[in-house]
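Residues per chain, in single letters:
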Amino acid sequence: MCPGLELNIHGRDARYGDMRKAVRSFRLLLADGRIVNVSREENADLFHLVIGGLGLFGVILDVDLELTQNDVYEKQVSLMDYKDYTGYFKKHVQNNPDMWLHFAALSISPDKNFLKEMIVASYKKSEKNLRNYNLSEEKNISRDKFFLGLSRRYSWGKTLRWDLQRILRKGAEDEQVLSRNNAMRNPIEFLEYHSAKDTDILQEYFIPVDKFSQFVDGAREIVLKNKINLLHAGGKICSGQ
């Protein structure tokens, strides 16, 4: 089973969007036990049904993927108001041939900047030399898990966590120039959570760039009205969105 394909997963690449575009072909186990080859040319109807089909049309056994170079990127981080984001993206990311990866996060601090202030990170292709291309291990897992726990329980914890994100947004010096593989690797270990009383729920929406601020305004109203315990609000730009 390939969960990434079943969920139509996307990464931080603003050019190529979801994983579908990197898939050349795959072998699929059907309900009747047959194994078929699936691509854009062979069994093309299944190609479009299975990717994002949540396993309803068969089990993916293996995949032939199109790979790309593990280039060197330089990270650029800035703060901005959410209403400025659409214009920023169109000018500095969408039409920039050197900008490859991009993501952003909105403030969850329950103050006047709630879902208004943003941390925006972009990765520009760099000619700088990189000594180590190895995939790095995740760092500061206990620290990030601790502050996530505070923000889960307390309003002041959300403010504290956002303030720390603002302070740490640029990261260490050796994190500013890094390989594509490391830039694409999202930290996830700190998200592990076990509780007999509640659970974390992830919801994902695909929003046209021109409708971004309008969507955020609506989301803010819903979250505040229903007193939703929001732990994170951020995302990646997918090609064509």
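Residues numbered from 1 in each chain as written. Predicted model: local features only at pLDDT ≥ 70, side-chain atom pairs only at ≥ 80, totals over all residues. Heavy atoms only, no water.

Participant: I'm lost on the overall build of the chain in this one. Help?
Facilitator: When helices and strands are counted, the chain shows seven helices and eight strands. Buried residues in the chain amount to 35% of all 241 residues. A separation threshold of at least 6 residues defines the contact pool for the chain, and within that pool the share at least 24 residues apart is 74%. Of the roughly 15300 Å² that the chain leaves accessible, carbon and sulfur atoms contribute 52%. (Helix = DSSP H or I, 4+ residues; strand = E, 2+ residues; numbered from the N terminus. Buried < 20%, exposed > 50% of the residue type's maximum accessible area, 1.4 Å probe, protein only. Contact = heavy atoms within 4.5 Å. Areas by Shrake-Rupley, 256 points an atom, 1.4 Å probe, with all protein chains shown as cover.)

Participant: Explain the pattern of salt bridges here, please?
Facilitator: Pairs can form between side chains of opposite charge whenever their charged atoms are close. Within the structure shown, the criterion is met by nine salt bridges. We note a salt bridge from Arg34 to Asp32, for which the minimum N-O separation is 2.8 Å. Judged by relative accessible area, which is 53%, Asp32 ranks as exposed. Close ionic contact of Arg152 with Asp200 constitutes a salt bridge, the shortest N to O distance being 2.7 Å. Taken together, the residues span a long stretch of sequence, with Arg152 in helix α4 (residues 141–153) and Asp200 in the loop between α6 (180–184) and α7 (212–225) at a distance of 48 residues. (Salt bridge = Lys/Arg side-chain N within 4 Å of Asp/Glu carboxyl O.)

Participant: Help me understand the sheet that holds strand β2 (residues 35–39) in this model?
Facilitator: In sheet architecture, strand pairing relies on hydrogen bonds along the backbone and comes in two forms, parallel and antiparallel. Spatially, three strands are ordered β2-β1-β3 in an open sheet, and the strand pairing comes out antiparallel. In this open sheet, the two edge strands, each paired with only one partner strand, are β2 and β3 (59–65). Each strand of the sheet is rotated relative to its neighbour by a mean of 20°, with strand direction disregarded. In terms of strand pairing, strand β1 (residues 23–29) meets β2 through five bridges, oriented antiparallel. Within β2, the position partnered with Arg27 by the bridge is Asn37. (Pairing = 2+ DSSP bridges. Axes fitted to C-alpha atoms, helices over the stretch in contact; angles between N-to-C directions.)

Participant: It is not clear to me how the layout of surface pockets should be interpreted in this structure. Could you clarify?
Facilitator: The gaps of empty space that remain are located by a probe, the size of a water molecule, rolled over the atoms. A volume near 180 Å³ is recorded for the second largest pocket. When contributions to the lining of the second largest pocket are tallied by element, the ones reaching two or more residues are α4, α5 (155–168) and α7. Residue composition of the lining of the second largest pocket, grouped by class: eight nonpolar, two polar and four charged. (1 Å grid on protein atoms, 1.4 Å probe; cavity = no way out; pocket = protein on both sides within 12 Å on 5 of 7 lines; lining within 4 Å. Points joined across faces, edges and corners; volume = space filled by probe spheres on them. Nonpolar A, V, L, I, M, F, W, Y, C, P; charged D, E, K, R; others polar.)

Participant: Hey, could you run me through unusual backbone geometry in this one?
Facilitator: Unlike most non-glycine residues, Leu54 shows phi in positive territory, near 55°. Within the secondary structure layout, Leu54 lies in the loop between α2 (44–50) and β3. Among the residues examined, Leu54 registers a relative accessible area of 57% and is labelled exposed. Phi is positive for Lys227, which is not a glycine, with a value near 55°. In this fold, Lys227 is placed in the loop between α7 and β8 (234–236).

Participant: Just to check I follow, could you spell out the packing of aromatic side chains for this structure?
Facilitator: One pair of aromatic rings is described through two measures. These are the centre distance and the angle between the planes. Across all of its chains, the model carries seven aromatic pairs by this definition. With 5.0 Å between their ring centres and 50° between their planes, Tyr85 and Phe212 make a pair best called tilted. Taken together, the residues Tyr85 in helix α3 (residues 85–94) and Phe212 in helix α7 connect sequence positions 127 residues apart. Over the aromatic face of Tyr193 sits the side chain of Arg152, whose NZ or CZ is 3.6 Å from the ring centroid. If you follow Arg220 out to its NZ or CZ, it ends over the ring of Tyr82, 5.0 Å from the centre. (Phe/Tyr/Trp six-rings, centres within 6.5 Å; stacked < 30°, edge-to-face > 60°. Lys NZ or Arg CZ within 6 Å of the ring centre and 35° of its normal.)

Participant: Whenever I open this one, the nonpolar core confuses me. Can you help?
Facilitator: A general tendency of soluble globular proteins is for nonpolar side chains to be buried together. If you look at the biggest cluster of nonpolar residues, it comprises 20 residues, and the most contacted ones within it are Tyr85, Leu106, Leu115, Met118, Val120, Phe212 and Leu230. Looking at this core, the element that brings in the most residues is α3, giving four residues. (Core = buried A, V, L, I, M, F, W, Y, C linked by side-chain atoms within 4.5 Å.)

Participant: Where do I start with the pairing of strand β6 (residues 117–125) in this structure?
Facilitator: The side chains of a regular strand alternate, residue by residue, between the two faces of the sheet. Taken across its nine residues, β6 has seven buried, putting it largely inside the fold. Where strand β4 (residues 72–81) lies against β6, nine bridges are found, and the strand directions are antiparallel. Looking across to β6, one finds that Val77 is bridged to Ala121. Alignment of strand β5 (residues 99–106) against β6, held across seven bridges, turns out to be antiparallel. By the bridge assignment for β6, His102 is matched with Ser122.

Participant: Help me understand α5, please; the structure alone is not making it clear to me.
Facilitator: Three- or four-residue spacings in an α-helix give side chains the same orientation, since the helix completes a turn every 3.6 residues. Here α5 spans 20 Å end to end across 14 residues, near enough to the 20 Å set by a 1.5 Å rise per residue. Every buried residue of α5 is listed here: Gly157, Lys158, Arg161 and Trp162. The buried residues of α5 occupy an angular sector of 135° when projected down its axis, which confines them to one face. Facing away from the buried side of α5 by more than 90 degrees, the exposed set consists of Trp156 and Ile167. Structurally, α5 contributes buried residues whose contacts are with β5, β6 and α4. (Expected span 1.5 Å × (residues − 1). Arc of directions from axis to C-beta.)

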